[in-house]
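# Structural overview for review
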2 protein chains.
Amino acid sequence: EMIKTLEERKFPIQNLIPLASERSEGAPVYFKEKCIRTKVLKSDSFKDIDFALFSAGSSISKEFAGPATEQGAVVIDNTSFFRMHKDVPLVVPEVNSSVLKSHNGIIANPNCSTAQMVMALKPIHDEVGLERVIVSTYQSVSGAGKEAILELENQTRQNLNGNQIEKEVFSHEIAFNVIPQIDVFLDNGYTKEEMKMIEETKKILGDDNIQVSATTVRVPVFVGHSESVNIQTKKPISVEKVRSLLSSMDGVNVMDDPVNGIFPTPKDLAGKDDVYVGRIRRDLSHPNGIEMWIVSDNLRKGAALNAVQIAEALVSVG
Amino acid sequence: EMIKTLEERKFPIQNLIPLASERSEGAPVYFKEKCIRTKVLKSDSFKDIDFALFSAGSSISKEFAGPATEQGAVVIDNTSFFRMHKDVPLVVPEVNSSVLKSHNGIIANPNCSTAQMVMALKPIHDEVGLERVIVSTYQSVSGAGKEAILELENQTRQNLNGNQIEKEVFSHEIAFNVIPQIDVFLDNGYTKEEMKMIEETKKILGDDNIQVSATTVRVPVFVGHSESVNIQTKKPISVEKVRSLLSSMDGVNVMDDPVNGIFPTPKDLAGKDDVYVGRIRRDLSHPNGIEMWIVSDNLRKGAALNAVQIAEALVSVG
């Protein structure tokens, strides 16, 4: 997805070097119709490299990000390892690219659910200030990797054919079910995914006083995360104003004419780059409350696209 | 489902008379291993009838509930038609059976999503008072009827086999998708289903000051509604206290040991009568906030079971 995005967006690349473990040595990678062979990732792999895009798990980022920066590369890290480090910027370019001005060689890419949510929160926070955010997610299986996609497909067939259900990736059946667990549980009763949404939202919006709570749920959808988001603003704001702020936000697309069946759903929007917002309405339980429904392709804005956009922003600031 | 429930719970019935439109005249209904033929519903169908259970749409309830009560039957109505009428009690027996003491012959059965939620809210409201409730639902297709179940099954096969997707019941594809619409949209941007949850919750809990907001979403699950519920109480309450209150509530089952994979999911609990609550934890965005996850078989507690329980409660109060 990352390589496809680099190609689609015509990122100025002289030399693309795919790195992986020994197991994948020599595996072909296609870029601009050329076949490039994968090399083995080593500590000295980063000489003369400008950007090193990491997306191979926290342990790899932990071990190799240091050597990469020492050799002069800027690391853009898709894992959670550096996200909450004080001296590592956590960036969604449309939201907080200004923090890119000073970094120590490592830039973190946020969690997919967080990235799409802060895109919609940012213009509202700038206008009237966010007091509180309560989010419930509807996350697709692709966020859990290739095996999870296969598991949904296999379990679906097993269900329809009346066969024994095989479970490997998810703790409970995912076909025709919803699972209120993403990542592992922590001592406070929240999952790691929920705590990522809570902490990363505050860091990206640059405001520790925003109160956030989250419930993250896996649903039997292949691609695209949806979020039911309830916000409470410091100053009152009208639904019309929210709609116009979101319409003016780069990378956000307002899709909100429900009477005519127009609202975002993940299946309709898989493969799109933008973050789609619909069902924008007054929260009937609070005078300063707004409800909305945010959908985005989690493989695009939530991962590959945002990483490439960070690289583009770094190129443009020099 | 209603007839099955009457039989399972050994409701004291001398004479069961299935009534329907002319189209279904003579259709066989099985009750206690006897075959009973369906009769045509008419204004004078209710002589010598004690309880008339209606579940054939609002227009039928509107037309025939009056004649039924005039002939001496007590009507238990599953449709939304009478729910918000001032002189019609809206009842979940474990929650507010006391209102059954005075009625004018018609008792309303609440919306399925509301019924399961108020079961969990009631003991907390009694203990510390509810200030605010924010709910996002994950509702199964069975709530939309037989055709909806077939549509999920057919679209799922069409997806897996790469065939053209056929849509009839739902506005958007439901297979491998989520749809933030249940019932029609109203002028305030909410759906009818969302407004039912908001208004019925206040009526059943007998407190118009509880602030409620709702987002109702259809998910590709056959049976069982799930709800991510955020509550804010008037007085503070500990998570342990919430757990013990819910454990003591009739018809509620606490299923909350997430580290060991124990939390409710709809597929695991289809066919069960109880309302299951898990993921109970402190809301990190508010000192008086609690988050929880409520799952129930929408065809049982949300419909047939609750209707039969209302009849049982009426029998027991004489």
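Structure's up top.
For clarity, every value in this text was computed on a predicted model and none was experimentally measured.

## Focus on the pairing of strand β9 (residues 211–215) of chain A
A regular strand places its side chains so that they alternate between the two faces of the sheet. Residues and elements named next belong to chain A. Among the five residues that make up β9, four are buried, leaving the element largely enclosed by the rest of the structure. Summarising the sheet, strand β8 (residues 130–138) and β9 pair through five bridges and their orientation is parallel. What sits directly across from Val135, in β9, is Ala214.

## Digging into the interface of chain B and chain A
Contacts between the two partners involve 62 residues from chain B and, on the opposite side, 62 residues from chain A. Together, the buried faces of chain B and chain A total about 5100 Å²; carbon and sulfur atoms form 59% of this surface. Remark: the boundary between chain B and chain A carries eight salt bridges. For the salt bridge of Arg279 of chain B with Glu194 of chain A, the shortest nitrogen-to-oxygen distance reads 2.7 Å. Where chain B touches chain A, the interface holds 38 residue pairs in polar contact (both at pLDDT 80 or more). Counting residues per element, the ones that place at least two in the side of chain B that touches chain A are β8 (130–138), α5 (146–160), α6 (192–205), β9 (211–215), β10 (225–233), α8 (266–269), β12 (275–282) and β13 (289–296) of chain B. The leading source of residues in the side of chain B that touches chain A is α5 of chain B, at six residues. Classifying every residue of the side of chain B that touches chain A gives 27 nonpolar, 23 polar and 12 charged.

## Focus on the relation of the copies chain B and chain A
Of the transformation placing chain B onto chain A, the axial shift is 0.0 Å and the rotation is 180 degrees, giving an RMSD of 0.0 Å. Here the copies are linked by what is in effect a two-fold axis. Same-surface contact between copies: 100% of interface residues of chain B are shared with the interface of chain A.

## Quick look at the sheet that holds β9 of chain A
All names here are of chain A. Taken together, six strands build an open sheet; the order of strands is β9-β8-β10-β13-β12-β11 and the sheet is mixed. Two strands close off the open sheet at either side, each with one partner strand: β9 and β11 (252–254). For this sheet, the mean inter-axis angle between neighbouring strands, taken without regard to orientation, is 25 degrees. Bridge count for strand β10 (residues 225–233) against strand β13 (residues 289–296) is eight bridges, and the pairing is antiparallel. Looking at β13, one finds that Ile231 is bridged to Ile290. Contacting β8, β9 and β10, helix α6 (residues 192–205) runs over the sheet at an angle of about 150 degrees to β9.

## Considering the pairing of β13 of chain B
Residues and elements named next belong to chain B. Of all the eight residues making up β13, eight are buried; the element is thus mostly covered by neighbouring parts of the structure. Residues Gly289, Glu291, Trp293 and Val295 point to one face of β13 and Ile290, Met292, Ile294 and Ser296 to the other, with burial holding for every one of them. Taken together, the six bridges between β12 and β13 define a ladder with antiparallel strand orientation. The residue bridging Val277 from the neighbouring strand is Ile294, located in β13. In textbook terms, the turn of a hairpin is the stretch between consecutive antiparallel strands, and for β12 and β13 this stretch comprises six residues.

## Some points on the packing of helix α4 (residues 112–128) of chain B against helix α7 (residues 239–248) of chain B
Residue and element names in this part refer to chain B. Direction vectors running N to C along α4 and α7 enclose 120 degrees, while the axes themselves pass 9 Å from each other. Comparing the axis directions of α4 and α7 gives the class oblique. The two elements α4 and α7 cross, and the hand of that crossing is right-handed. Across the interface between the two elements, Ala120, Pro123, Ile124 and Glu127 of α4 pack against Lys241, Val242, Leu245 and Leu246 of α7.

Scoring rules and cut-offs
Residues numbered from 1 in each chain as written. Chains lettered and ligands numbered in written order. Predicted model: local features only at pLDDT ≥ 70, side-chain atom pairs only at ≥ 80, totals over all residues. Heavy atoms only, no water. Buried < 20%, exposed > 50% of the residue type's maximum accessible area, 1.4 Å probe, protein only. Helix = DSSP H or I, 4+ residues; strand = E, 2+ residues; numbered from the N terminus. Pairing = 2+ DSSP bridges. Contact = heavy atoms within 4.5 Å. Buried area = accessible area lost by both parts, 1.4 Å probe. Salt bridge = Lys/Arg side-chain N within 4 Å of Asp/Glu carboxyl O. Polar contact = N/O pair within 3.5 Å; in protein donor to acceptor, adjacent residues only side chain to side chain. Nonpolar A, V, L, I, M, F, W, Y, C, P; charged D, E, K, R; others polar. Least-squares fit on C-alpha atoms with pLDDT ≥ 70 in both. Axes fitted to C-alpha atoms, helices over the stretch in contact; angles between N-to-C directions. Parallel < 35°, antiparallel > 145°, perpendicular 65-115°, else oblique. Left-handed = near helix turned anticlockwise from the far one by under 90°.

Purely spatial values, then, with no claim about function.
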